[in-house]
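Spelled out, the chains give:
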Amino acid sequence: MLTPTETVLVLLPALAANGSPVLLGHRGTPIDGGRRFIDGRPLLGPGKTWEGLALGTLYGSIVALLLASLTCRPLILWGGIAASLGALIGDMLAAFIKRRLGLERGAPAPVLDQLDFYSGALLLLYTLGLVVDPLTAVLLAPAVFMLHRATNIAANKLRLKQVPW
Ligand code: CTP
Ligand code: MG
Ligand code: K
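These figures come from a predicted structure and were not determined experimentally.

Thresholds applied
- Residues numbered from 1 in each chain as written.
- Chains lettered and ligands numbered in written order.
- Predicted model: local features only at pLDDT ≥ 70, side-chain atom pairs only at ≥ 80, totals over all residues.
- Heavy atoms only, no water.
- Donors = N, O, S within 2.8 Å, 3.2 Å for Na, K, Ca; no water.
- Helix = DSSP H or I, 4+ residues; strand = E, 2+ residues; numbered from the N terminus.
- Buried < 20%, exposed > 50% of the residue type's maximum accessible area, 1.4 Å probe, protein only.
- Near = heavy atom within 4 Å.
- Polar contact = N/O pair within 3.5 Å; in protein donor to acceptor, adjacent residues only side chain to side chain.
- Areas by Shrake-Rupley, 256 points an atom, 1.4 Å probe, with all protein chains shown as cover.
- Nonpolar A, V, L, I, M, F, W, Y, C, P; charged D, E, K, R; others polar.
- UniProt positions renumbered as here; feature names shortened; annotations may be inferred.
- Salt bridge = Lys/Arg side-chain N within 4 Å of Asp/Glu carboxyl O.
- Core = buried A, V, L, I, M, F, W, Y, C linked by side-chain atoms within 4.5 Å.
- Contact = heavy atoms within 4.5 Å.
- Phe/Tyr/Trp six-rings, centres within 6.5 Å; stacked < 30°, edge-to-face > 60°.
- Expected span 1.5 Å × (residues − 1).

**Structural notes on the coordination of the potassium ion (ligand 3)**
(1) Moving on: For the potassium ion (ligand 3), the full set of protein donor atoms is Asp 91 (OD) and Asp 116 (OD), at a range of 2.4 to 2.9 Å.
(2) Moving on: In this structure the magnesium ion (ligand 2) is found 4.2 Å away from the potassium ion (ligand 3). Remark: Asp 116 occurs in helix α4 (residues 112-127) and Asp 91 occurs in helix α3 (residues 74-100); sequence separation between them is 25 residues. Each member of the pair Asp 91 and Asp 116 is classed as buried.

Here you go:
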């Protein structure tokens, strides 16, 4: 089981991975290629792009490398990269769910929008044997939620995002 400190260190790259695709500013090639699901609605929608996935992986990996170098812990590098990928996958899964609910790209889905990437990161870490203590995960959730809200409001003010969530 990861210690609370290790948990924070591997989750910081996931925050970077989740927060960086917005820097593309509505550009990019949709991962779903414009394809639709059997319900006739977009599979993921235009808000999930290959460029976003690449940028998120890159930024997450850079932060993981930085933190691993500072702590001299290879675990932080691999854990951070895994958490970053998990975060991006969780975000795509949430987009899939939002489209099934008939929600357009960018429409608010409270809680899901703020914690999709966090759940994805924790889940991928878990499957790799990097288990986060459930109590630590629950205690960190409000902080992750607030950080997501704050960064999205900032991205909206900077006109990187059309909506503040
Ligand atoms: N983004 C991207 N590729 C990704 C994830 C995000 O290009 N894999 C970009 C998109 O421009 C997206 C923005 O980052 O609009 C903000 O991400 P997010 O809030 O997760 O997407 P939403 O616009 O809310 O779209 P959705 O409703 O599908 O989640
Ligand atoms: Mg969103
Ligand atoms: K999201």
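**Structural notes on the site of ligand 1**
(1) Moving on: Surrounding ligand 1, one finds 17 residues, the nearest of these being Lys 48, Thr 49, Lys 98, Arg 99 and Gly 106.
(2) Moving on: Within the side chain of Lys 98, one N or O atom sits 2.8 Å away from an oxygen atom of ligand 1.
(3) Moving on: Calculation on ligand 1 without its partners gives an accessible area of 570 Å², and the protein chains cover 91% of this total.
(4) Moving on: Elements supplying a minimum of two residues to the shell around ligand 1: α2 (50-71) and α3.
(5) Moving on: Examining the composition of the shell around ligand 1, we find that four residues originate from one element, α3, more than from any other.
(6) Moving on: Here the residues of the shell around ligand 1 are counted per class, giving five nonpolar, five polar and seven charged.

**Quick notes on the UniProt feature "transmembrane region" (unreviewed entry) in the protein**
(1) Moving on: Those places that UniProt annotates as "transmembrane region" (unreviewed entry) correspond, in this numbering, to residues 49-68, 75-97 and 117-147.
(2) Moving on: Structurally, residues 49-68 is divided into 95% helix and 0% strand, and its ends, taken at the C-alpha atoms, are 28 Å apart.
(3) Moving on: Overall, residues 117-147 shows 81% helix and 0% strand. The separation of its end C-alpha atoms is 13 Å.

**Details of the pattern of salt bridges**
Where side chains of opposite charge bring their charged atoms close, a pairing between them can arise.
(1) Moving on: Using the criterion set out here, one finds four salt bridges in the structure.
(2) Moving on: A salt bridge links Arg 73 to Glu 6, with the nearest nitrogen and oxygen atoms 2.6 Å apart. Of the two residues, Arg 73 sits in the loop between α2 and α3 while Glu 6 sits in helix α1 (residues 4-19), which places them 67 residues apart along the sequence.
(3) Moving on: You can call Glu 6 buried: its relative accessible area is 13%.

**A short note on the nonpolar core**
(1) Moving on: Formed by 24 residues in total, the largest nonpolar core has its most connected members in Leu 11, Ile 76, Tyr 118, Ala 121, Leu 122, Leu 125 and Val 132.
(2) Moving on: For this core, the elements supplying multiple residues, two or more each, are α1, α2, α3, α4 and α5 (134-157).
(3) Moving on: The biggest single contributor to this core is α4, with six residues.
(4) Moving on: Each residue touching Ile 76, except ones within four places of it in the same chain, is listed here: Glu 6, Leu 9, Val 10, Ala 64, Leu 67, Ala 68 and Thr 71.

**Concerning the packing of aromatic side chains**
(1) Moving on: Inspection of the entire model under this criterion finds one aromatic pair.
(2) Moving on: Residues Phe 37 and Phe 96 carry aromatic rings whose centres are separated by 5.2 Å and whose planes lie at 80° to one another, so their mutual orientation is edge-to-face. Of this pair, Phe 37 sits in the loop between α1 and α2 while Phe 96 is found in helix α3, placing the two residues 59 residues apart along the sequence.
(3) Moving on: The class for Phe 37 is partly exposed, based on a relative accessible area of 31%.

**A word on α3**
(1) Moving on: In this model, α3 (27 residues) spans 39 Å end to end at C-alpha, consistent with the 39 Å of a helix rising 1.5 Å per residue.
(2) Moving on: With its phi angle positive at about 80°, Gly 102 sits one or two positions after the end of α3.

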